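Take a look at the letters that make up each chain.
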Amino acid sequence: RQVALAANPDACLVGELIHGDYRQWVNADTLHSGTNYQLSHALWHSLVDGNYFELAHSMQRCEQLYGGLVLLEFLGNHDVRRLASKLDAPNHFELAQGALLFAVGGMPCLYYGDEYGMEGRGTKDGGAPNDTDLRKPAILPQELSAEGRRKSEAVAEMLHVRREHRCFLEGDTSVLGNSNHQLAVVRRAEGCVGLVLFNCCAEAVEQMPPYVGLAAGILPEGLQLKRVLCFSNGAKEDAYSTAVLRNNSLIVDGGFLPNSMAVYTCDTSN
């Protein structure tokens, strides 16, 4: 690392790490970051199986093993099936992208084409020889289909909201609670708290199911957060909404909309 930084102080060294102890390679003497395959699978597979316990467990495991590291988080790359070809339900597209950009820490990486739903499978997965389906030329913005433009605009808005709130850029990550189909994640940084809610089933849910334990002490009792972004069934929801923790219950105006991801924030600097 020292040689690279001497040549270019702005250099960022990233390695492709598939298994093993990431700390062996990502540390003060070697790489700045590395690919987090251990979490990548859960980001989308939890939606396919309708099992947010998988993602919650993977997030908590990564925090225990690699807390403090800034790992490269991703939904797809040049070697794995495209996100749009992984998901069984097209309405889960925003949930997967929202998990990457808001729920998990680290350094998110969008593989070109995934932002507008490019499809593709690797050779061993039934695709064309030499994995060419995974590396097709990008489609120019003016040539996107209406659905492609909608998805691209949704991801662009997510990126805008992410940049506007420090908690999603550098905040710590905690799973507040989850069921098979609902997940609540808290991101905290100095002066800012974010709450990200997911519901991957086709029905609305009024609140987190009563059997889901909310992690104590993560959100202060009575703290009210305002919704700044929400997508449900692929459409943006603009209605005003708040979320607050009362008596160990998460109270959300309008509840969890069907097939939705929602982002709430609160300025705690005052």
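Please read all numbers here as calculations on a predicted model, not as lab measurements.

Rules behind the numbers
- Residues numbered from 1 in each chain as written.
- Predicted model: local features only at pLDDT ≥ 70, side-chain atom pairs only at ≥ 80, totals over all residues.
- Heavy atoms only, no water.
- Helix = DSSP H or I, 4+ residues; strand = E, 2+ residues; numbered from the N terminus.
- Polar contact = N/O pair within 3.5 Å; in protein donor to acceptor, adjacent residues only side chain to side chain.
- 1 Å grid on protein atoms, 1.4 Å probe; cavity = no way out; pocket = protein on both sides within 12 Å on 5 of 7 lines; lining within 4 Å.
- Points joined across faces, edges and corners; volume = space filled by probe spheres on them.
- Nonpolar A, V, L, I, M, F, W, Y, C, P; charged D, E, K, R; others polar.
- Axes fitted to C-alpha atoms, helices over the stretch in contact; angles between N-to-C directions.
- Parallel < 35°, antiparallel > 145°, perpendicular 65-115°, else oblique.
- Left-handed = near helix turned anticlockwise from the far one by under 90°.
- Contact = heavy atoms within 4.5 Å.
- Pairing = 2+ DSSP bridges.
- Salt bridge = Lys/Arg side-chain N within 4 Å of Asp/Glu carboxyl O.
- Buried < 20%, exposed > 50% of the residue type's maximum accessible area, 1.4 Å probe, protein only.
- Phe/Tyr/Trp six-rings, centres within 6.5 Å; stacked < 30°, edge-to-face > 60°.
- Lys NZ or Arg CZ within 6 Å of the ring centre and 35° of its normal.
- Core = buried A, V, L, I, M, F, W, Y, C linked by side-chain atoms within 4.5 Å.
- pLDDT = per-residue confidence, 0-100.

Quick notes on the side chain of His92
Relative to the elements of secondary structure, His92 occurs in the loop between α4 (83–86) and α5 (93–103). Within the structure, the side chain of His92 is placed 2.9 Å from the backbone oxygen of Cys200, a separation counted as a polar contact.

Some details on the layout of surface pockets
One water molecule sets the probe size; rolling that probe over the atoms shows where empty space is left. In this model, the largest pocket occupies a volume close to 450 Å³. Residue lining of the largest pocket: 24 residues in total, with Glu63, Leu69, Gly105, Gly106 and Thr173 positioned closest to the centre. Among the residues making up the lining of the largest pocket, the classes are represented as 10 nonpolar, 9 polar and 5 charged.

Quick notes on the packing of α5 against helix α6 (residues 146–164)
Where α5 meets α6, the closest approach of the two axes is 10 Å, and the angle between their N-to-C directions is 25°. Taken together, the axes of α5 and α6 lie roughly parallel to each other. Between α5 and α6 lies a crossing whose hand is right-handed. In this structure, α5 contributes Phe93, Glu94, Gln97, Gly98, Leu101 and Phe102 to the contact, and α6 contributes Arg150, Lys151, Ala154, Val155, Met158, Leu159, Val161 and Arg162. Here the contact of α5 with α6 is composed, by residue class, of 8 nonpolar, 2 polar and 4 charged.

Some details on the pairing of strand β8 (residues 224–232)
Of the strand pairs in this sheet, β8 and strand β10 (residues 242–246) are connected by 3 bridges, and their pairing is antiparallel. Looking at the pairing, Leu225 lines up with Ala243 of β10. With 2 bridges connecting them, β8 and strand β9 (residues 235–236) associate as antiparallel partners. By the bridge assignment for β9, Ser232 is matched with Ala235. Counted between consecutive antiparallel strands, the loop separating β8 from β9 contains 2 residues, among which Asn233 sits at a positive phi close to 50°.

Some points on the pattern of salt bridges
Counted according to the given criterion, the structure contains 11 salt bridges. Put simply, Asp114 and Arg82 hold a salt bridge, and the shortest N to O gap is 3.1 Å. Remark: Arg82 occurs in the loop between β3 (72–74) and α4 and Asp114 occurs in the loop between β4 (107–109) and α6; sequence separation between them is 32 residues. Each member of the pair, Asp114 together with Arg82, is buried. Between Lys236 and Asp238 there is a salt bridge; the shortest N-O distance is 3.7 Å.

Things to note about the packing of aromatic side chains
Describing an aromatic ring pair means giving the distance of the ring centres and the angle of the ring planes. Tallied over the full model, the rule gives 5 aromatic pairs. When the centroid spacing of 4.9 Å and the interplanar angle of 70° are considered together, the rings of Tyr111 and Tyr112 count as edge-to-face. A relative accessible area of 14% means that Tyr111 is categorised as buried. Sitting over the ring of Tyr112, Arg82 keeps its end group 4.8 Å from the ring centre. Stacked on the ring of Phe93, the Lys or Arg Lys151 has its end atom at 4.9 Å from the ring centre.

Considerations on the nonpolar core
If you look at soluble globular proteins, the nonpolar side chains tend to sit buried side by side. In this structure, Tyr52, Leu55, Phe102, Leu183, Phe198 and Met261 are the most contacted members of the largest nonpolar core, which totals 40 residues. For this core, the leading source of residues is α5, giving 8 residues. Filtering out sequence-adjacent residues up to four positions away, Phe198 remains in contact with Tyr52, Leu95, Gly98, Ala99, Ala103, His181, Gln182, Leu183, Phe256, Ser260 and Met261. Of all hydrophobic cores here, the second largest spans 23 residues; its members include Cys201, Ala243, Val252 and Phe256.

Some thoughts on the confidence of the model for the protein
With 98% of its residues at a pLDDT of at least 70, the protein reaches an overall mean of 93. Taken element by element, the protein is modelled with least confidence in strand β11 (residues 249–252), mean pLDDT 87, and with most confidence in α5, mean pLDDT 98.

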